[in-house]
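Structural characterization, general
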Amino acid sequence: MSPQKTKDRVAWLQGPSARCEVVAASGRTPWRLVLLGAPGVGKGTQADLLNQRLGACHLSTGDVFRAAGSRSECEQSPAMKEALGYMRRGALVPDSTVWEMVRERIGCLHCGDGFILDGFPRTLGQAESLKQLMDSEGLALTAVVNYDLPASEIVARLGGRRTCEQCKAVFHVTERPPKVAGRCDRCAGNLLQREDDRPESIKVRLEAYDRSTAPLIEFYRKLGLLIQVAATGSPDGICARTLACLGPQRAEALA
Ligand code: AMP
């Protein structure tokens, strides 16, 4: 697998009125993945690495909310303003708001190079809605990867995480430091700590994960799609482990 050109993701980040400039490569079987795991296990980092290796577009619902949050208040719909309030507290945004946002980006699920969903679905309701929509569109998931990490490591990872203000690339002050402190390696944008990576929000997010998102592991296990990957070690090591697990799953799905 050769490295792919990174997608610009504008259709995902800005909505259906925007068009991606990096078009899908033709003739390949697309990867359609969901990444699961508690906040801080490194799903965003893995989605970036998998995007480079597999070409599938990194679709993060959290990034859509953050992109909306960086626009002026008058450009934000009332539903989006309310969603941003939930996000700042570390709480889950209501299913109806999230679902409306995903539904209007349905074109991204049809992307010829596939997709890597990160942060969605996050509740059983969202997982069921996604399944119904994909079934009705004739689309099937290739696999669902669940990243596993002890709680103590999760807290350390979240506290040190820094995200690029512009291109949303993810770094970590000790585990994945940028070449120049505070600057993105990819686009030289400012690296910032997310509001919801502060200690009081981290606690709320981990509770929301245990209550609402952990049950998805069983949901996808029953569908025969689940792959368990230990999220310990370096990002490249975790990515290599993921790719090794995905190979047989994909062969089975294509057979
Ligand atoms: P993330 O970047 O995936 O950690 O998402 C950041 C925040 O956005 C979450 O803590 C939620 O407030 C909100 N969010 C993102 N995706 C979802 C989702 N699928 N369901 C509900 N809330 C979400």
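Keep in mind that this is a model prediction, so the values were computed, not measured. (Residues numbered from 1 in each chain as written. Predicted model: local features only at pLDDT ≥ 70, side-chain atom pairs only at ≥ 80, totals over all residues. Heavy atoms only, no water.)

1. Let's talk about the overall build of the chain
Threshold: Put simply, DSSP H or I for four residues or longer makes a helix, DSSP E for two residues or longer makes a strand, and each gets a number counted from the N terminus. Only protein chains enter the area calculation, which uses a 1.4 Å probe; residues under 20% of their type maximum are buried, those over 50% are exposed, and those in between are partly exposed. Whether two residues are in contact is decided by their heavy atoms: any pair within 4.5 Å suffices. Only the protein chains shown count as cover for residues, with accessible areas throughout obtained via the Shrake-Rupley method and a probe of 1.4 Å. For the purpose of counting charges, residues Lys and Arg are taken to be positive, whereas Asp and Glu are taken to be negative. His and the chain ends are not included. Here the site of a charge means atom NZ of a Lys, CZ of an Arg, CG of an Asp or CD of a Glu.
A count of helical and extended segments in the chain gives 11 helices and eight strands. If one aligns the C-alpha atoms of the chain with their principal axes, the spans along those axes are about 45 × 40 × 40 Å. Considering the chain as a whole, with its 255 residues, one finds that 51% of them fall into the buried category. Long-range contacts, defined here as pairs at least 24 residues apart, represent 71% of the contacts in the chain between residues at least 6 apart. Carbon and sulfur atoms provide 53% of the accessible area of the chain, an area that totals close to 12200 Å². Charge centroids of the chain, computed over 34 positive and 29 negative side chains, lie 3 Å from each other.

2. A look at the environment of arginine 221
Structurally, arginine 221 is set in helix H10 (residues 216–222). Linking arginine 221 and leucine 139, residues 82 residues apart in sequence, is a C-alpha distance of 19 Å. Not counting chain neighbours up to four residues away, the residues in contact with arginine 221 comprise Leu226 and Gln228.

3. A closer look at the nonpolar core
Stated precisely, the cut-off is as follows: Nonpolar cores are built from buried Ala, Val, Leu, Ile, Met, Phe, Trp, Tyr and Cys residues. Side-chain atoms within 4.5 Å join them into one set.
Membership of the largest hydrophobic core comes to 63 residues, with the highest contact counts inside it found for Phe65, Tyr147 and Tyr220. For this core, the element with the highest residue contribution is strand E1 (residues 31–36), accounting for five residues. In this view, tyrosine 220 contacts Leu36, Pro121, Ala127, Leu130, Leu141, Val144, Leu225 and Leu226; residues no more than four positions away in its chain are not counted. In this structure, Cys164, Phe171, Cys184 and Leu191 belong to the second largest nonpolar core, which totals five residues.

4. Concerning the sheet that holds E1
Cut-off, in case you're wondering: A pair of strands is treated as paired once DSSP finds two or more bridges between them. Convention adopted: a line fitted to C-alpha atoms gives each axis, helices being fitted over their contacting stretch, and angles between N-to-C directions are expressed from 0 to 180 degrees.
Within the open sheet, the five strands sit side by side as E2-E3-E1-E4-E8. Their pairing is parallel. Among the strands making up the open sheet, the edge pair consists of strand E2 (57–60) and strand E8 (226–230). Neighbouring strand axes in the sheet, compared pairwise and without regard to direction, differ in orientation by 25° on average. Running at roughly 165° to E1, helix H2 (residues 43–54) makes contact with E1, E2, strand E3 (114–118) and strand E4 (143–148) of the sheet.

5. Brief notes about the sheet that holds strand E6 (residues 170–172)
Spatially, three strands are ordered E6-E5-E7 in an open sheet, and the strand pairing comes out antiparallel. Each edge of the sheet is formed by a strand with only one pairing partner; in this case those strands are E6 and strand E7 (191–192). Relative to E6, strand E5 (residues 161–164) runs antiparallel, the two being bridged by three bridges. Looking at the pairing, arginine 161 lines up with histidine 172 of E6.

6. Let's talk about the site of the ligand
We count it as follows: If a single non-hydrogen atom of a residue is within 4 Å of a molecule or strand, that residue counts as near it. Contacts described as polar in this section are N or O atom pairs within 3.5 Å, which, within protein, must combine one atom able to donate a hydrogen with one able to accept it, while residues neighboring in sequence count only if both atoms come from side chains. All residues other than Ala, Val, Leu, Ile, Met, Phe, Trp, Tyr, Cys, Pro, Asp, Glu, Lys and Arg, Gly among them, are scored as polar; the first ten of these are nonpolar and the last four charged.
Around the ligand sit 16 residues in total, of which Thr61, Arg66, Ala91, Gly119 and Gln126 are the nearest. Alanine 91 places a polar main-chain atom, nitrogen or oxygen, 2.6 Å from an oxygen atom of the ligand. The dominant element in the shell around the ligand, judged by the number of residues it contributes, is helix H3 (residues 61–69), at four residues. Residues that form the shell around the ligand fall into these classes: seven nonpolar, four polar and five charged.

7. Looking at H2
Stated precisely, the cut-off is as follows: Any helix carries an expected span of 1.5 Å times its number of residues minus one.
Between its first and last C-alpha atoms H2 spans 15 Å; for 12 residues at 1.5 Å apiece the expected length is 16 Å, and the two agree. Among the 12 residues in H2, 10 count as buried, and that is most of the element. Following H2 by one or two positions, glycine 55 has its phi on the positive side, about 85°.

8. Side note on the side chain of threonine 61
Counting through the fold element by element, threonine 61 comes out in helix H3. Of the polar contacts made by the side chain of threonine 61, one reaches the backbone oxygen of glycine 119; its length is 3.1 Å. With residues up to four places along the chain from it excluded, the contact list for threonine 61 reads Trp12, Val98, Met101, Val102, Asp118, Gly119, Phe120 and Arg122.

9. Focus: the confidence of the model for the chain
Rules: Predictor confidence is given residue by residue as pLDDT, running from a minimum of 0 to a maximum of 100.
Chain-level statistics for the chain give a pLDDT mean of 89 and a share of 93% at 70 or above. pLDDT under 50 marks residues 1–5. Its contacts with residues more than four places away, or in other chains, come to 13 contacts.

10. Notes on the side chain of arginine 194
Within the secondary structure layout, arginine 194 lies in the loop between E7 and helix H9 (199–213). In this structure arginine 194 comes out as buried when scored by relative accessible area, which is 15%. Within the local environment of arginine 194, its side chain forms a polar contact with the side chain of aspartate 196, the two groups lying 3.0 Å apart. If near-sequence neighbours (up to four positions away) are discounted, arginine 194 is found in contact with Arg66, Arg161, Thr163 and Arg205.

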